[in-house]
Amino acid sequence: MVVFRVVLALLAVLTCVTSAPRSAAPPQDISVLTPLGTAQGTLDADGANRFAVRYAGATRWQSSAVVTEWTLPNGASDPAALPLQCPQTSVDASTFAEDCLSMILYVPVDIAPGSNASTLVWIHGGSFDSGSATFPGLDGSNLAIATESIVAVIQYRLGALGLLPPDGSTNLAVQDAINALIFLGQVVPSFGGDSSKITLAGQSAGAGMIRSLLAAPSASSLFQSAILQSDPMDFGFTSLTTQALLQSTFNDLISCSPSDTACQMSLTLDDILSAQATLEDEALGLDPSVAIGEPLHPVLDHTLITTPLDSTAPFPKVSKPLLLTNVRNESAPTIYGVEFPGPGPFPAEDFELSSDALLGTARTEILMASPFYPVDPNGDSRVPLQVLGTDYIWRCPTWTFARNWVANGGTAHVGMFTVGATYPLNDGIDDCVAPGAVCHQDDIFIVFGTTPNPTPAQSALTTEMQARYKAFLASADPNEPGLDGWVPATTTDVHAKEFGVLTTVDGEVPVLACDPSFWGQAVQYDYQFFDL
Ligand SMILES: *[C@@H]1O[C@H](CO)[C@@H](O)[C@H](O)[C@H]1NC(C)=O
Ligand SMILES: *[C@@H]1O[C@H](CO)[C@@H](O)[C@H](O)[C@H]1NC(C)=O
């Protein structure tokens, strides 16, 4: 039972909250002439002009195609209407539609045509099977105004609809994101943007999507730089072998053969989401390389995504500037969030049992012999488990990635949030609302400047991060006069800067288990362990 407690905790989706669209803006319509026709927008309640648009269309399980005409999402006639989400479980069916390749543009009112403004494209998280442009805190007005840029919050197909086309093709969701960038390249000049100044930013699976785009040569010319927040890099990409297994299992669940498009088209969204939910429940039992908590992923198909961007294959030459951040307690929501069979501390033996279940006995022995995850025989083993989860899934693989990136020609600034703003659902977890805890997703409100009733520390951090993003968008460097220096990563020292409360004298996160001799060498990441 104890083993399953943590495994099930980790199986809980990394992002799962109900949609909460912003209240409608005052009716004040705005039009902008684009090469695709007239864009209709509205003044957003938070101060920027807001344009919702359908950027691409797709037949079920086919590649999407960029629109040739500007249209409001979902046949709306009211420019203030927000797009429906992509189909997903855990939200009401009335909030989603299969025709969901929409985005929302936020344009500060003082950006005029010819301004050559930068564009920040936000890619939402949600384990590749949930999330949307209308999830809490993603109103881009404040971020757009503070960074003097256009903010575009995009949607892409989720779950089986985006990643498991029955005919065995791959990465439809990644192609959706590429089409969003192609669309933006065509239209941002009409809004005062410079199409050569596009920066990607995303959190969790959104950052994983950005890593997929960094690994896709065909996407390279579409953006100049990227910001990856809390990417669970340990998972790597899905291998073609695993993808084929997931695919055939899914095809059995929907009872349609790969070539029977009539059968596939006759399925209801409910049929598809139920089959997807069954597959996600069973996936880890089918193949242990399937990522816990994020079973469906972009695939290393060697066509669109041509490199794992990790230490299992020669790392390509790279050049783009990156910002790579984590939060201090990435895994606290999964470790502390499940109260089952009841709340309260986990006994000491749970550490080993849980680690065995997740990482196998060989890796567990090395972990237990190390000084990094001390288990107090009379204490709560959730404490070292939380540090282990954060190191293993997020922090250390991100640092390894940073070292590889700079060793091969790119630049990277690495950071860690030590102040956050509690995201919905984390607010039900006592340990996430406790002072000093910064749980997965608690960086979202901070970056967007959408924290409800912010404390002075939260407001100060929003101001700092937005100033750094503004500088990074404009000059590829997140430093500017008046801010503490953020030292770029080198191959030997990632210089991970603490953002918020400084817990060390120099404000740099202690390396501990993220030393290159430990994670990635003495103990393998999953992508190494399963040779993905
Ligand atoms: C925008 O870029 C164009 C082309 O490089 C340049 O001629 C123009 O002066 C720029 N405008 C501003 C406001 O910087
Ligand atoms: C958050 O992380 C810090 C630093 O590792 C740790 O001391 C603290 O116990 C963690 N809090 C939770 C709730 O996991």
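These figures come from a predicted structure and were not determined experimentally.

What about the overall build of the protein chain?
- Each helix and strand in the protein chain was counted, giving 15 helices and 13 strands.
- Taking 532 residues into account, the globule formula puts the C-alpha radius of gyration at 24 Å, and the protein chain, at 22 Å, falls close to it.
- The dimensions of the protein chain, computed from C-alpha atoms along their principal axes, are 65 × 60 × 45 Å.
- Residues counted as buried form 59% of the 532 residues belonging to the protein chain.
- Taking as baseline every contact in the protein chain between residues at least 6 positions apart, the subset at least 24 positions apart corresponds to 75%.
- When the accessible surface of the protein chain is split by element, carbon and sulfur atoms take 56% of a total near 18800 Å².
- Each charge class in the protein chain can be summarised by its mean position, and for the 18 positive and 54 negative side chains these summaries are 7 Å apart.

Things to note about the pairing of strand β10 (residues 225-229)
- Most of β10 is tucked away: five of the five residues are buried.
- Here β10 shows two buried faces, one formed by Ser225, Ile227 and Gln229 and the other by Ala226 and Leu228.
- Judged from the five bridges that link them, strand β9 (residues 193-203) and β10 form a sheet pairing that is parallel. Across the sheet, residue Ala201 finds its bridge partner in β10, namely Ile227.
- A crossover connection joins β9 to the parallel β10 through helix α5 (residues 205-214); in handedness this β-α-β unit is right-handed.

The rules behind these values
- Residues numbered from 1 in each chain as written.
- Chains lettered and ligands numbered in written order.
- Predicted model: local features only at pLDDT ≥ 70, side-chain atom pairs only at ≥ 80, totals over all residues.
- Heavy atoms only, no water.
- Helix = DSSP H or I, 4+ residues; strand = E, 2+ residues; numbered from the N terminus.
- Rg over C-alpha atoms; globule rule 2.2 N^0.38 Å.
- Buried < 20%, exposed > 50% of the residue type's maximum accessible area, 1.4 Å probe, protein only.
- Contact = heavy atoms within 4.5 Å.
- Areas by Shrake-Rupley, 256 points an atom, 1.4 Å probe, with all protein chains shown as cover.
- Lys, Arg positive; Asp, Glu negative; His and termini not counted.
- Charge placed at Lys NZ, Arg CZ, Asp CG, Glu CD.
- Pairing = 2+ DSSP bridges.
- Right-handed = clockwise from strand over helix to strand, strands pointing away.

Nothing here speaks to function; it is all geometry.
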